[in-house]
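Listed below are the residues making up each chain.
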Amino acid sequence: MELRLDGTHYPLETLGPGKRLGVWFQGCSLACPGCMSRHTWDPAAGTPATVAEVLALWRRALADGADGLTVSGGEPLQQAAALAELLAGAARLRDGARRREGSAGPHPADLLVYTGYEPGELTPERRAALGGADAVITGRYRAAEPTPLAWRGSANQRIVPLTPLGTARYAPYLTRPAPGPRLQVGPAVDGELRLYGVPLRGELAELERTLKRSGVGFTERSWRP
Ligand code: SF4
């Protein structure tokens, strides 16, 4: 099955516990004011990919001992069929690797999905697409409600564990700050600098000022219209 992606990154260390494969879906019509990922809004932008190609990255990440998969965007549920297929395939590969390794292997990798939809907007079709996830982080980004809570951009957003593994991995962080840094700088591709994570209020402006003092300026920023 085909999907449109904004990108992928491994190892991702700022959106969920441990070392993860990050997958960003392209396209989001929710248009939260202050969204730092405006480049993911246009459903026709990004790059085409297949679920099989993403699963090949996941297989490599698992072989490297990844702690989990984080699917974000964009809005993953606006490509619901591809999301469902990706989660089902990721769970199958994770469970297969676990069976081969037995209890001597690393702890099982979890599957986390970010959605801007509120819990009350999760229709049966959307819930079905999330069926393979261990946990979901729900809710629009609200710029007026900053929060230090782990892996969330605003205080209204909720971590919802969906499986025993999701509960074990995420319940300790429901009301706690993230254990590590909130922002990660990825490799620059074609002159584009990628930042991964959920910054605290003012953190992006501070980063811009710091870089400017070193003679580095941005021509465009995905967090500004
Ligand atoms: S914060 Fe998330 S849900 Fe909101 S507009 Fe940005 S990508 Fe969409």
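Okay, so let's go over this structure. Values in this document were obtained by computation on a predicted structure and should not be read as measured data.

Some thoughts on the packing of helix H1 (residues 51-63) against helix H2 (residues 80-101)
For the pair H1 and H2, interaxial distance at closest approach is 10 Å and the crossing angle is 30 degrees. Our classification of the angle between H1 and H2 gives roughly parallel. H2 is crossed by H1, and the crossing has right-handed handedness. Facing Val51, Val54, Leu55, Trp58, Arg59 and Leu62 of H1, the residues of H2 in contact are Ala82, Glu85, Leu86, Gly89, Ala90, Leu93 and Arg94. Across the contact of H1 with H2, the residue classes break down as 9 nonpolar, 1 polar and 3 charged.

With respect to H2
The end-to-end C-alpha separation of H2 is 31 Å, in line with the 32 Å expected for 22 residues at 1.5 Å each. If you check which residues of H2 are buried, you get Ala80, Ala82, Leu83, Leu86, Leu87, Gly89, Ala90, Ala91, Arg94, Gly96 and Ala97. Positive phi appears at Gly102, one or two residues downstream of H2, with a value of about 65 degrees.

As for the site of the ligand
Taken together, Cys28, Leu30, Ala31, Cys32, Cys35, Trp41, Gly74, Gly116 and Tyr141 are the residues near the ligand. Here the shell around the ligand is composed, by residue class, of 7 nonpolar, 2 polar and no charged.

Points about the packing of aromatic side chains
Tallied over the full model, the rule gives 3 aromatic pairs. Relative to Tyr196, the ring of Trp24 lies with its centre 4.9 Å away and its plane at 20 degrees, an arrangement referred to as stacked. In this pair, Trp24 is assigned in strand S2 (residues 20-25) and Tyr196 in strand S9 (residues 195-197), connecting sequence segments 172 residues apart. Note on accessibility: Trp24 and Tyr196 belong to one class, buried. Counting every residue linked through ring pairs, the aromatic cluster contains Trp151, Tyr170 and Tyr173. A cation over a ring is seen here: Arg126 above Tyr117, with NZ or CZ 3.8 Å from the ring centre.

About the thresholds
Residues numbered from 1 in each chain as written. Predicted model: local features only at pLDDT ≥ 70, side-chain atom pairs only at ≥ 80, totals over all residues. Heavy atoms only, no water. Axes fitted to C-alpha atoms, helices over the stretch in contact; angles between N-to-C directions. Helix = DSSP H or I, 4+ residues; strand = E, 2+ residues; numbered from the N terminus. Parallel < 35°, antiparallel > 145°, perpendicular 65-115°, else oblique. Left-handed = near helix turned anticlockwise from the far one by under 90°. Contact = heavy atoms within 4.5 Å. Nonpolar A, V, L, I, M, F, W, Y, C, P; charged D, E, K, R; others polar. Expected span 1.5 Å × (residues − 1). Buried < 20%, exposed > 50% of the residue type's maximum accessible area, 1.4 Å probe, protein only. Near = heavy atom within 4 Å. Phe/Tyr/Trp six-rings, centres within 6.5 Å; stacked < 30°, edge-to-face > 60°. Lys NZ or Arg CZ within 6 Å of the ring centre and 35° of its normal.

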